[in-house]
Amino acid sequence: MDVLKRLADSGIVPVVVLEEAKDAVPTARALLAGGVDVMEITFRTAAARDSIAAVARECPGMLVGAGTVISLEQCRTAVEAGAKFVVSPGLHPAVVQWCTKQGVAVIPGCVTPTEITAALELGLICSVTVLALYLSYSMLNVCDLSTDGCFTLGAVTGAVTAMAGHPILAIFAAMAAGLLSGLIVSVLQTRMGINSLLAGIIVNTALYSINIAIMGGASLLSLNKTQTVFSLMKSMLAGTPLAGQYKLLTALAAAALIVLFLTLFLRTRMGLAIRATGNNPDMVRSSSINPAITTTVGLCIAGSFTALSGCLLAQYQKAADINIGQGMVTIALASLLIGSTVLGRGGIFLRAVGAVLGAIIFRLVYTVALRLDMPAFMLKLVSAVIVVLAISVPY
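Residues numbered from 1 in each chain as written. Predicted model: local features only at pLDDT ≥ 70, side-chain atom pairs only at ≥ 80, totals over all residues. Heavy atoms only, no water.

A. Summary view of the nonpolar core. Counting residues in hydrophobic clusters, the biggest one holds 81 residues, and the most contacted among them are Leu-131, Tyr-134 and Leu-135. Setting aside anything within four residues of it in sequence, one finds Leu-135 in contact with Leu-140, Leu-262, Leu-266, Ile-274, Gly-298, Ile-301 and Ala-302. Val-25, Ala-53, Ala-54 and Trp-98 belong to the second-largest nonpolar core, a separate cluster that totals 30 residues. (Core = buried A, V, L, I, M, F, W, Y, C linked by side-chain atoms within 4.5 Å. Buried < 20%, exposed > 50% of the residue type's maximum accessible area, 1.4 Å probe, protein only. Contact = heavy atoms within 4.5 Å.)

This is the structure in structure tokens:
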């Protein structure tokens with residue numbers, strides 16, 4: 001029987017990760033006893049080659065293949081050991097060409113529609129934080145380093161409120177908490193003469209303790225049995241063609257509303273004053289506008305947006321932990337720079353859309369990195385590299 005047909009007929013292909021080759025044959029026999037005659041042994045460990053060879057030798061009834069093959073050398077090793085098919089997490093031309101010539105079934109991976117949808121959803125949720133940074137960093141020219149703590153503040157405040165049975169109120173509670181965080185940052189900066197960077201660091205540090213207190217001393221809150229805005233949207237769309245896209249539509253609605261708000265707000269008298277403060281605070285003072293007020297308003301709005309983003313993410317993944325906002329300032333900055341690089345400089349609306357697009361592109365890059373079997377701990381390095389490239393390439 002053709003290998004691909006047999007894979008299709010099996011209905012299920014167990015993906016097996018073995019630390020020791022001695023476990024390969026017992027695992028294969030257990031699968032055969034359960035009626036499964038196909039298995040994929042991944043090249044995530046050093047035992048992969050010997051495991052494939054052992055199964056191919058001892059279990060002739062098992063169709064064994066190699067997974068997570070990312071190089072031609074691994075491919076050759078797997079086939080020589082007895083692998084009947086090869087699965088790669090990405091499209092590797094050399095692997096595909098060699099397998100085709102050798103008559104070996106090859107299944108090159110790609111980013112699936114489900115993963116693309118998840119990246120879009122997360123990108124849209126995180127884009128709210130990017131839009132907050134767009135207001136504070138791009139418009140107001142203030143680098144607010146309290147972003148990580150404020151994001152977590154919104155997540156835990158929203159989670160606690162949702163757990164009390166108020167998923168919609170959780171949104172407003174989170175935004176109010178974020179507004180208060182932005183207010184404290186602005187007071188430290190404008191009333192106490194503390195440098196903006198240092199003010200953000202101080203608030204970010206303090207928010208860790210505050211967030212733990214809100215969580216009741218725990219480090220994780222589970223929302224598995226809690227109604228969220230996403231589940232409410234799911235109920236609203238039940239029976240419609242869009243029922244399966246309730247998460248995407250919820251995230252899209254949030255991002256679209258923030259883009260609309262910023263587009264309109266930054267054209268008002270206060271919005272123009274905020275933009276002027278970022279460009280030339282001395283000119284603002286000469287125009288009888290108090291830059292302390294514009295800075296305070298801008299940071300309060302940015303804080304509320306950041307907290308909203310955290311609240312949405314917590315409800316999206318049905319959990320809020322104390323580290324949920326870790327690295328968000330880097331992610332948001334990278335996304336903002338990607339957006340400005342892709343769409344260039346234009347009007348308020350175009351730049352806001354660019355911020356959203358940048359967040360989506362960033363999440364897609366993350367998705368591709370994970371599909372290439374990159375360890376999760378390396379993603380922070382990916383974020384840093386993206387920031388460097390986004391800044392240096394246009395230069």
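B. The arrangement of empty space enclosed by the protein in detail. Per the stated rule, a full pass over the model turns up 1 cavity of 30 Å³ or more. Among the elements of the structure, helix H6 (113–139), helix H7 (147–163) and helix H14 (291–317) are those that each provide at least two residues to the lining of the largest cavity. Among the residues forming the lining of the largest cavity, the class breakdown is 4 nonpolar, 6 polar and 1 charged. (1 Å grid on protein atoms, 1.4 Å probe; cavity = no way out; pocket = protein on both sides within 12 Å on 5 of 7 lines; lining within 4 Å. Points joined across faces, edges and corners; volume = space filled by probe spheres on them. Helix = DSSP H or I, 4+ residues; strand = E, 2+ residues; numbered from the N terminus. Nonpolar A, V, L, I, M, F, W, Y, C, P; charged D, E, K, R; others polar.)

C. Quick peek at helix H9 (residues 196–214). When the terminal C-alpha atoms of H9 are compared, their 26 Å separation across 19 residues agrees well with the 27 Å that a helix rising 1.5 Å per residue should span. The sharpest bend along H9 measures roughly 25 degrees and falls at Leu-207. Among all positions in H9, only Ser-196, Ala-199, Gly-200, Val-203, Leu-207 and Asn-211 are buried. Taken together, the buried residues of H9 touch H7 and helix H8 (167–190). Put simply, Asn-195 is the residue that caps the front of H9, since its side-chain oxygen is 2.8 Å from the backbone nitrogen of Leu-197. Looking one or two residues past H9, Gly-216 carries a phi angle of roughly 75 degrees, positive in sign. (Expected span 1.5 Å × (residues − 1). Bend = angle between axes of the 7 residues up to and from the residue. Polar contact = N/O pair within 3.5 Å; in protein donor to acceptor, adjacent residues only side chain to side chain.)

D. Examining unusual backbone geometry more closely. The phi dihedral of Thr-68 is positive, around 55 degrees, even though this residue is not glycine. Turning to its location among the elements, Thr-68 is positioned in the loop between strand E3 (63–67) and helix H4 (72–81). Of the residues examined, Thr-68 reaches a relative accessible area of 10% and is grouped as buried. Of note in this structure, Asn-141 is not a glycine but carries a positive phi near 60 degrees. Mapped onto the elements of the fold, Asn-141 is located in the loop between H6 and H7. Look at Asn-141 and you get exposed, because its relative accessible area is 55%.

E. Summary view of the pairing of strand E4 (residues 85–88). What you see with E4 is no split at all: Phe-85 and Val-87 on one side and Val-86 and Ser-88 on the other are buried throughout. Note: E4 against strand E5 (residues 105–108), 4 bridges, orientation parallel. Across the sheet, the residue bridging to Phe-85 is Ala-105, located in E5. (Pairing = 2+ DSSP bridges.)

F. The arrangement of the pattern of salt bridges in detail. Applying the stated criterion across every chain yields a total of 5 salt bridges. The partner of Glu-20 in a salt bridge is Lys-22, and the shortest N-O contact between them spans 3.3 Å. A relative accessible area of 40% places Glu-20 in the partly exposed class. With a closest N to O distance of 3.5 Å, Lys-22 and Asp-23 form a salt bridge. When its relative accessible area of 32% is taken as the criterion, Asp-23 is described as partly exposed. Connected through salt bridges with shared partners, the residues Glu-20, Lys-22 and Asp-23 form a single ionic network. (Salt bridge = Lys/Arg side-chain N within 4 Å of Asp/Glu carboxyl O.)

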